[in-house]
Amino acid sequence: MPVEITWWGHATCTVADSDVRVLTDPLFARRLAHLRRRRGAVPPPEARRADVALVSHLHADHLHVPSLARLAPGTRLLVPRGAPRAVPGLRRLTHLLLTEVAPGDVTPVGDLVVRAVPARHDGRRLPVGPHRSPALGYVVEGEARTYFAGDTGLFDSMAKEVGPVDVALLPVGGWGPCLGEGHLDAGRAAEALVRLAPRSAVPVHYGTYWPIGLDGVRPHEFHAPGEEFVRLSALRAPEVAVHRLEHGESVRPGATR
């Protein structure tokens, strides 16, 4: 069966491969602290159906305990090593099969293999404080090799640590007007395509959540990153097929090698 990617918004995607459903950074909230969902409906119940859920790092828009609590009993959950110590709410999710992973760890799930890879991003739960875990990306290996980057900046060993891959799910924006260190914007994400050379790519982590009260502040920073990624990718990595999805939309990239 061809690999199918569904983007539910922000960094939440379903990767269906080899009859296994993989869910990335589940976030099913209409509002999260100062953020409000500005585009796309809250994902429907079918979005919560997964054989394994992957959490890339501890930030609350990626590790959202109330969303994880809505996953079905018996769902596998991969989190960065040390996450239960840093986020005590994870310990209450006794209905899930939780595994802590670090870069290089490999986890079989059905006919898939999930490989944790490094990410260049702040691994702390809060902007200050001692609680941190390594920020991760994941490569899902089955009919295709699908890279979910989580949140990351560019790093010198990206091609070596991550590749080769067929499909890249890359963050191209954020939830505010400015992106700091350890993030990809549309231009840096296009550079990541040059380094990774996948056959297909899907931009994620943009155009979903925006701070309350900032609707009129640089709105292009909210709306434009996906289209800008398509434009820049065509210039820098024209051999890569880029699929800009709407919320809830799916694509079958046909990326098997």
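Residues numbered from 1 in each chain as written. Predicted model: local features only at pLDDT ≥ 70, side-chain atom pairs only at ≥ 80, totals over all residues. Heavy atoms only, no water.

This part takes up the overall build of the protein chain. When helices and strands are tallied, the protein chain shows six helices and 17 strands. Along the first, second and third principal axes, the C-alpha atoms of the protein chain reach 45 × 45 × 35 Å. Burial status across the protein chain gives 54% buried among its 257 residues. Pairs at least 24 apart in sequence give 65% of the contacts found in the protein chain among residues at least 6 apart. Accessible surface, the protein chain as shown: approximately 10,600 Å² in total, 52% of it carbon and sulfur. (Helix = DSSP H or I, 4+ residues; strand = E, 2+ residues; numbered from the N terminus. Buried < 20%, exposed > 50% of the residue type's maximum accessible area, 1.4 Å probe, protein only. Contact = heavy atoms within 4.5 Å. Areas by Shrake-Rupley, 256 points an atom, 1.4 Å probe, with all protein chains shown as cover.)

Reading across the sheet, the three strands line up as 4-5-15 and stay open at both edges, with antiparallel pairing between neighbours. The sheet terminates laterally at strand 4 (31-32) and strand 15 (209-211), the two strands that pair on one side only. (Pairing = 2+ DSSP bridges.)

When you line up the elements, D25 lands in the loop between strand 3 (20-24) and strand 4. Given the relative accessible area of 0%, D25 is considered buried. Leaving out residues up to four positions away in the same chain, D25 has contacts with A11, T12, L54, V55, S56, H62, F148 and G150.

Direction of pairing for strand 11 (residues 136-141) relative to strand 12 (residues 145-148): antiparallel, over a ladder of four bridges. Paired with E141 across the strands is R145, a residue of strand 12. Once strand 11 ends, the chain turns through three residues before running back antiparallel as strand 12. Summarising the sheet, strand 12 and strand 13 (residues 167-171) pair through three bridges and their orientation is parallel. If you follow Y147 over to strand 13, its bridge partner there is A168.

Attention now goes to the pairing of strand 10 (residues 112-118). Burial analysis of strand 10 places five of its seven residues in the buried class, the great majority of the element. Sheet topology note: the strand 9 (residues 106-109)/strand 10 ladder contains four bridges and is antiparallel. Bridged to V106 within strand 10 is R115. Between the antiparallel neighbours strand 9 and strand 10 lie two residues, among them G110 with a positive phi of about 60 degrees. Here strand 10 runs beside strand 11; their pairing, made up of six bridges, is antiparallel. When the bridges of strand 11 are listed, V114 appears paired with V140.

Further remarks concern the pattern of salt bridges. A side chain with one charge may pair with a side chain of the opposite charge, provided their charged atoms come close. One pass over the structure, following the stated rule, counts eight salt bridges. Between E191 and R195 there is a salt bridge, with its nearest N and O atoms 3.3 Å apart. One end of the pair is E191 and the other is R195, both in helix 4 (residues 186-196) and four residues apart, which spans about a single turn. A relative accessible area of 25% means that E191 is categorised as partly exposed. Judged by relative accessible area, R195 falls into the partly exposed class, the value being 31%. (Salt bridge = Lys/Arg side-chain N within 4 Å of Asp/Glu carboxyl O.)

Relative to the elements of secondary structure, R37 occurs in strand 5 (residues 35-37). For R37, a relative accessible area of 9% translates into the label buried. Beyond its immediate sequence surroundings of up to four residues, R37 is in contact with W8, G9, L27, A29, R30, V42, P43, T208, Y209 and H247. In this structure the side chain of R37 is engaged in a polar contact, spanning 2.8 Å, whose partner is the backbone oxygen of G40. (Polar contact = N/O pair within 3.5 Å; in protein donor to acceptor, adjacent residues only side chain to side chain.)

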